[in-house]
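One letter stands for each residue in the lines below.
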Amino acid sequence: MPALLAVCRRAALPLILASIVLFHTQALAADYPDRAVKIVVPFPAGGTADAVPRIVGDWLSRKWGQPVVIENRTGAAGNIGAEQVFHSAPDGYTLLASPPPPLVINHNLYRKLGFDPTKFEPVIVIAQVPNALMVNPDSIRASSVPELIEYLKRNSDKTLCATQGNGTTSHLTSELFQLKAKVKLRHVPYRGSAPALQGLVAGDVDVMFDNLGVSLALVKAGKLKLLAVASSKRLPALPNVPTISETLPGFEAVAWYGIVAPPKTPKNIVAKINADVNEALRQPEIRDQLKKLSAEIFGGPVDKTSVYMREEIDRWAAVIKSANIELQ
């Protein structure tokens, strides 16, 4: 009998430990957050990648009654900030808010990374913003995509194309354009959207593929010329602006802004953050602010985000392979 009791105790021990862990994680989620939450943005302030999480973070800080601190940790196409979050404690108090590069692109570009983007815990994609083709009107006289393609064919490898940095959606969109249009651009990488746009406005570069979040204001001010959008259909807010796909069938490139947590963050904490961000996205003031950035709300459950990110990995990997892009 003592031997049987000992066996029963040993068999029950894993169940008891699992129950303790489950109770502990449920308690953590119920109390979460009880202190400041840091959201790392791996790109500079001033661009859409920074603006979108700030809008949502401000609302969350009011709901949670705790500070939500946005920290810009820039460099290496988002890899530096992503690596910091990847190695942070998996407790929900350090999150990453990022466009695609460090989440679904960079592991197909860089030979070595200090983190595995596929191991992040997906939380939510906040919104999508279509990329757009813009030119400096003093440098490029073209008024349409066909005119630009004709100009580029006459001036092969002479036109300077600004991007948000190596491996960004801006960079890959320009590579996709070159492949489909059979033209050549000279790549000039910047460290983020804001400095790249400054270079484009100043005439240091000639062309840029950027999301409309910040650049649309420069178009409306007459400082840049918008030739086309990279969405699959024309935007309701810009019905007179054609899509690139009207000239180059199948062309589509959309920037999006997602939140992920460090690997092994408890599922119920991830679910709570997801639910609260979804609640934020239902608020009229949040929707209005995102609309001003030309952002279309994505939202939805964690599973939707997981599936979408896997699809994005495949889509951009195909572009990288076709363009034969490799970064050190």
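Refer to the structure above for everything that follows.
Reading the values: the criteria
Residues numbered from 1 in each chain as written. Predicted model: local features only at pLDDT ≥ 70, side-chain atom pairs only at ≥ 80, totals over all residues. Heavy atoms only, no water. Helix = DSSP H or I, 4+ residues; strand = E, 2+ residues; numbered from the N terminus. Buried < 20%, exposed > 50% of the residue type's maximum accessible area, 1.4 Å probe, protein only. Contact = heavy atoms within 4.5 Å. Areas by Shrake-Rupley, 256 points an atom, 1.4 Å probe, with all protein chains shown as cover. Expected span 1.5 Å × (residues − 1). 1 Å grid on protein atoms, 1.4 Å probe; cavity = no way out; pocket = protein on both sides within 12 Å on 5 of 7 lines; lining within 4 Å. Points joined across faces, edges and corners; volume = space filled by probe spheres on them. Nonpolar A, V, L, I, M, F, W, Y, C, P; charged D, E, K, R; others polar. Salt bridge = Lys/Arg side-chain N within 4 Å of Asp/Glu carboxyl O. Phe/Tyr/Trp six-rings, centres within 6.5 Å; stacked < 30°, edge-to-face > 60°.

### Section: the overall build of the protein
Alright, step 1. Check the secondary structure of the protein and you find 11 helices and 10 strands.
Alright, step 2. With 328 residues in all, the protein has 53% of them scored as buried.
Alright, step 3. Within the protein, residue pairs in contact and separated by at least 24 positions form 79% of the contacts whose partners lie at least 6 positions apart.
Alright, step 4. Surface exposure of the protein reaches about 15,000 Å², of which carbon and sulfur atoms provide 55%.

### Some details on helix 6 (residues 169–181)
Alright, step 1. A rise of 1.5 Å per residue sets the reference length of helix 6, with its 13 residues, at 18 Å; its end C-alpha atoms lie 18 Å apart and thus fit the reference within 8%.
Alright, step 2. Of all 13 residues in helix 6, 11 are buried; the element is thus mostly enclosed.
Alright, step 3. Taken as a whole, helix 6 has its buried residues at Thr169, Ser170, His171, Leu172, Thr173, Ser174, Glu175, Leu176, Phe177, Gln178 and Ala181.

### Considerations on empty space enclosed by the protein
Alright, step 1. Applying the stated criterion across every chain, the model contains two cavities of 30 Å³ or more.
Alright, step 2. Taken as a whole, the largest cavity holds about 140 Å³ of empty space.
Alright, step 3. If you trace the largest cavity, you find 15 residues lining it, with Phe43, Ala49, Pro99, Gln164 and Ser193 closest to the centre.
Alright, step 4. Among the elements of the structure, helix 2 (48–64) and strand 9 (254–261) are those that each provide at least two residues to the lining of the largest cavity.
Alright, step 5. Here the residues of the lining of the largest cavity sort into seven nonpolar, eight polar and no charged.
Alright, step 6. The space that makes up the second largest cavity amounts to roughly 30 Å³.
Alright, step 7. Lining the second largest cavity we find Ala49, Pro53, Ala97, Ser98, Pro99, Ile126, Tyr257 and Gly258.
Alright, step 8. Split by residue class, the lining of the second largest cavity holds six nonpolar, two polar and no charged.

### Examining the environment of Gly46
Alright, step 1. Residue position: Gly46 is located in the loop between strand 1 (37–41) and helix 2.
Alright, step 2. With relative accessibility at 43%, the residue Gly46 sits in the partly exposed group.
Alright, step 3. Sequence separation between Gly46 and Asn108 is 62 residues, and the spatial gap between their C-alpha atoms is 27 Å.
Alright, step 4. With near-sequence residues (within four places) excluded, Gly46 lies in contact with Ala194 and Val214.

### Brief notes about the pattern of salt bridges
Any two side chains of opposite charge can pair, given that their charged atoms come close.
Alright, step 1. This structure, assessed with the given rule, holds 11 salt bridges.
Alright, step 2. Here Asp50 ties to Arg54 by a salt bridge, and the two come within 2.8 Å at their closest N and O atoms. Of this pair, Asp50 and Arg54 are both found in helix 2, four residues apart, which corresponds to roughly one turn of the helix.
Alright, step 3. A salt bridge links Glu246 to Arg234; the shortest N-O distance between them is 2.8 Å. You can see Glu246 sitting in the loop between strand 8 (225–229) and strand 9 and its partner Arg234 sitting in the loop between strand 8 and strand 9, a full 12 residues away along the chain.
Alright, step 4. Among the residues examined, Glu246 registers a relative accessible area of 44% and is labelled partly exposed.

### A word on the packing of aromatic side chains
Alright, step 1. One pass over the structure, following the stated rule, counts nine aromatic pairs.
Alright, step 2. Seen in terms of ring centroids, Phe298 and Tyr308 are 4.8 Å apart; in terms of plane orientation they differ by 40°. Their pairing is tilted. You can see Phe298 sitting in the loop between strand 10 (296–297) and helix 11 (302–323) and its partner Tyr308 sitting in helix 11, a full 10 residues away along the chain.
Alright, step 3. Residue Phe298 is classed as buried on the basis of its relative accessible area, which comes to 16%.

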